[in-house]
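Results of the structural survey
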Amino acid sequence: MLVKAVILIGGNQKGTRFRPLSLDLPKPLFAVAGFPIIQHHIEACVQIPFLKEIIILGYYGVSEMSQFVGEMVQLYKINIRYLQEFEPLGTAGGLYHFRDQIRCGNPDFFFVLNGDVCADFPLIEMLEFHKTHRETQKAIVTLMATEATRQQSLIYGCIIENKENNTLEHYVEKPSTFISTLVNCGVYIFSPEVFHQMANIFNKKQMDFYNVENGSSIEREALYLEKEILMPLAGTGKALVYQTVKWWSQLKTPGAAIYANRHYLNLFRERRPERLAKSVQPTIIGDVYIHATANVHPTAVLGPNVSIGAHATIGYGTRIKESIVLAHSRILDHSLVLYSIIGANSEIGCWTRVEGTPCDPNPDKPFAKMENAPLFNDEGRLNPSITILGNNVTIPSEVIVRNSIVLPHKELTRSYNNEIIL
Amino acid sequence: MKALILVGGYGTRLRPLTLSRPKPLVEFANKPMLMHQIEALLEAGVTQVVLAVSYRAEQMESELRAETDKLGITLTFSHETEPLGTAGPLALAKDILAAGDEPFFVLNSDVICDFPFKEMVDFHKAHGKEGTIVVTKVEEPSKYGVVVYNDQGRIEKFVEKPTEFVSNKINAGMYIFNPSIMKRIELRPMSIEKEVFPCMANDAELFAYELQGFWMDVGQPKDFITGTSLYLKSVREKNPSMLYTGPGAVGNSLVDPTAVIGANCRIGPNVTIGPGVVIEDGVCVKRCTILRDATIKSHSWLDSCIVGWKCVVGRWVRLENVTVLGEDVIVKDEIYINGGKVLPHKAISDSVPEPQIIM
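The rules behind these values
- Residues numbered from 1 in each chain as written.
- Chains lettered and ligands numbered in written order.
- Predicted model: local features only at pLDDT ≥ 70, side-chain atom pairs only at ≥ 80, totals over all residues.
- Heavy atoms only, no water.
- UniProt positions renumbered as here; feature names shortened; annotations may be inferred.
- Helix = DSSP H or I, 4+ residues; strand = E, 2+ residues; numbered from the N terminus.
- Pairing = 2+ DSSP bridges.
- Buried < 20%, exposed > 50% of the residue type's maximum accessible area, 1.4 Å probe, protein only.
- Contact = heavy atoms within 4.5 Å.
- Phe/Tyr/Trp six-rings, centres within 6.5 Å; stacked < 30°, edge-to-face > 60°.
- Lys NZ or Arg CZ within 6 Å of the ring centre and 35° of its normal.
- Buried area = accessible area lost by both parts, 1.4 Å probe.
- Salt bridge = Lys/Arg side-chain N within 4 Å of Asp/Glu carboxyl O.
- Polar contact = N/O pair within 3.5 Å; in protein donor to acceptor, adjacent residues only side chain to side chain.

1. Considering the UniProt feature "domain: Nucleotidyl transferase" (unreviewed entry) in chain B
Residues annotated in UniProt with the feature "domain: Nucleotidyl transferase" (unreviewed entry) correspond here to residues 2-232 of chain B. This span, residues 2-232 of chain B, is 29% helix and 29% strand, and a straight line between its end C-alpha atoms measures 28 Å.

2. Some remarks on the sheet that holds strand E15 (residues 260-261) of chain B
Taken in spatial order, the six strands make up an open sheet running E15-E18-E20-E22-E25-E28 (chain B), and their pairing is parallel. A single partner strand is all that each edge strand has here, and the edge strands are E15 and strand E28 (347-348) of chain B.

3. Considerations on the pairing of strand E6 (residues 104-108) of chain B
Residues and elements named next belong to chain B. With four of its five residues buried, E6 lies for the most part within the structure. Where strand E1 (residues 2-8) and E6 come together, five bridges link them in parallel fashion. Across the sheet, the residue bridging to Leu4 is Val106, located in E6. The pairing of E6 with strand E11 (residues 169-177) spans four bridges and is classified as antiparallel. The partner of Phe104 across the bridge, within E11, is Phe177.

4. Remarks on the side chain of Glu355 of chain A
Mapped onto the elements of the fold, Glu355 of chain A is located in strand E26 (residues 353-355). Aside from chain neighbours lying at most four places away, what touches Glu355 of chain A is Leu338, Tyr339, Ser340, Thr387, Ile400, Val401, Arg402 and Asn403 of chain A together with Tyr336 and Ser351 of chain B.

5. Re the packing of aromatic side chains
Taken as a whole and assessed by the stated rule, the structure comprises 20 aromatic pairs over all chains. With a centroid separation of 5.6 Å and an interplanar angle of 25°, the aromatic rings of Tyr175 of chain B and Phe177 of chain B are classed as stacked. What makes Tyr175 of chain B buried here is its relative accessible area of 1%. Among the residues examined, Phe177 of chain B registers a relative accessible area of 0% and is labelled buried. When the ring of Tyr175 of chain B is compared with that of Phe197 of chain B, the centres are 5.0 Å apart and the planes differ by 75°; the resulting orientation is edge-to-face. Separated by 22 residues along the polypeptide, Tyr175 of chain B in strand E11 and Phe197 of chain B in helix H6 (residues 192-202) bring together distant segments of the chain. Side by side, Tyr175 of chain B and Phe197 of chain B carry an identical accessibility label, which is buried. Counting every residue linked through ring pairs, the aromatic cluster contains Phe104, Phe158, Tyr175, Phe177 and Phe197 of chain B. Above the face of the Phe178 of chain A ring, Arg150 of chain A is positioned so that its terminal group lies 4.0 Å from the ring centre.

6. Quick look at the interface of chain B and chain A
Of the residues lining the interface, 20 residues belong to chain B; the matching set on chain A comes to 19 residues. Between chain B and chain A, a total of about 1500 Å² is buried, with carbon and sulfur atoms accounting for 48% of that surface. A per-residue breakdown of the area chain B buries against chain A is headed by Trp316, Arg318 and Glu334 of chain B, which together make up 43% of the total. Where chain B packs against chain A, one counts four salt bridges. At the boundary of chain B and chain A, one finds 16 residue pairs in polar contact (both at pLDDT 80 or more). Every element with two or more residues in the side of chain B that touches chain A is listed here: strand E19 (284-290) and strand E23 (318-320) of chain B.

The following block contains the structure:
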């Protein structure tokens, strides 16, 4: 048996909702719970038996990704490669373009994981499911699916499942009216036969390109996984639905990073307890990750759900809660950080308060996901959100920065409330 | 000599503090507001003080009497059955005030300054007329009623909220009168500023004495805090040994000897800390009044606030923008209060990011 995994990470034109955190760093490399977002994907993948290779697919420059990939190869002792699309090819165009790379070695199956989701990925169970059901169904793909609320389902790919044989009955991407509360998680297992399907669609596009007048407006090489692959497979019995009840969320906004941080830290408690800080001084509350090179004063109180990056300095009598503090940041004495992301190389003065408003899922609704609230409300005012400091931001002593977004390389001189500081 | 202090009503402008204690007993710079005036009057030779109050407050009467007994001052309460304004109380206390032929003082109770009572007496006796009122210079006279007077100090007229500049001197709420003023005053609600002074000015019987140094009406929290800063500046000039010089001292502050201050704090500028107060480690307080037996826990930051008696302010709390905590308020850890007025005995467990009253 041979299994591969492909992680789709997109490129600079994507992930703009993650700004300002994605301005200086590819979003997939942003550290959540102490580790780059897609390292969590990689960790889930390396658990899969017979997994021989992980391919990271996107259109970030190779130079932006090479160091990370090198580190991952060393750490997990597995083949990991970054393949760069020459231009954005849609959600499946890259897979098709690099089909030979994926097919080489004759894998029996390959996973495809969207880079902008976070989850307790049940990949091994999903593979077992795919293997057992494929025999009877001749399926070439299994989709991971999860329950959402009726109202929130509209922003996802909605799935109708044939409950008798777990096949995909119907699929609609972001429907305008309610279809189903079962939604696509952006995690798939494909059998290599899927490339035949892709080839058919790809070739048809080429025909169109040459036959239709003014065909240059057609995206020749782009392929869309949801619309062009999954939707035609609905009702054919060739697509299976694997439903999970484990934690899953999109990771499109910085607010989601705080939410994902909490959940990944919580998973560490179960599976990688050695990664969580345990100490009396500094005081640790709940799940906290502190990088080995961070310098935390014994009087600090951290947690719950805090990640402290490499070489960060956390001063005397500081308090940090539900926040991500990135590498080389300095939080000076007596300061408080709540529901915030502190960018790399930033500095927060003494007795300063940096505070955001969480945008967690509604705890009173089953299957509720995070509300991806727009940046501005109907009156044109900023919606309260977590506070985000971009890289290399300086906040003076004794001020409060609340529900605000500070772009990189900025030196503030006063307090801010509900503002975007360019 | 004698003095009448116009205490008046419930001091609603200084709520929520005055919900727990009558205004004259609220400590300004660690001393009940009224005692600042009474002690200064004593120095100027006053031995009998009448307090004009329009409500009964047993607590105030017994506490103040205990204080004035120590000083050897006779204290009388003149109770109004209906509010008599600023002139009516003189008529009510006529028997005491006009008993001899000596001039007497009349003071508004909310005023804090370097009280110039001796100088007032000298000035008053020198011009020999019926009344002297203290005037003070303000930056924006258009907000007040201004006093126009000649080089000798004889008042010519009063102009209410002038639209163009006529004077920058306003009535400072401190007067000295001859007993003959009583003929102008009736026992009814009456305004001394509107109904008595203009007549006296017409009769050339009213003079203005210019106050030197600071002056503040501290009847509301914002001015209470500003007044504290001005008062402490004056302490720095006149009596610097009173000021706090312990660890973390910045600028002018008064700290009661029974207060405990932790390590790595920053105290000041312009802070007063009352008896029995506990300031834990790593606290920063500036422009604040912390009243008796309050506790401020570690790493909190307070600017421009009044913390009421027995309050407990948690760790990493931020209080600012004229936040006033009434008596026995508990602020939980990590809370932010911006301009909140918190009524007594509340526990605050959610932040108050915009100014509001918390019932």
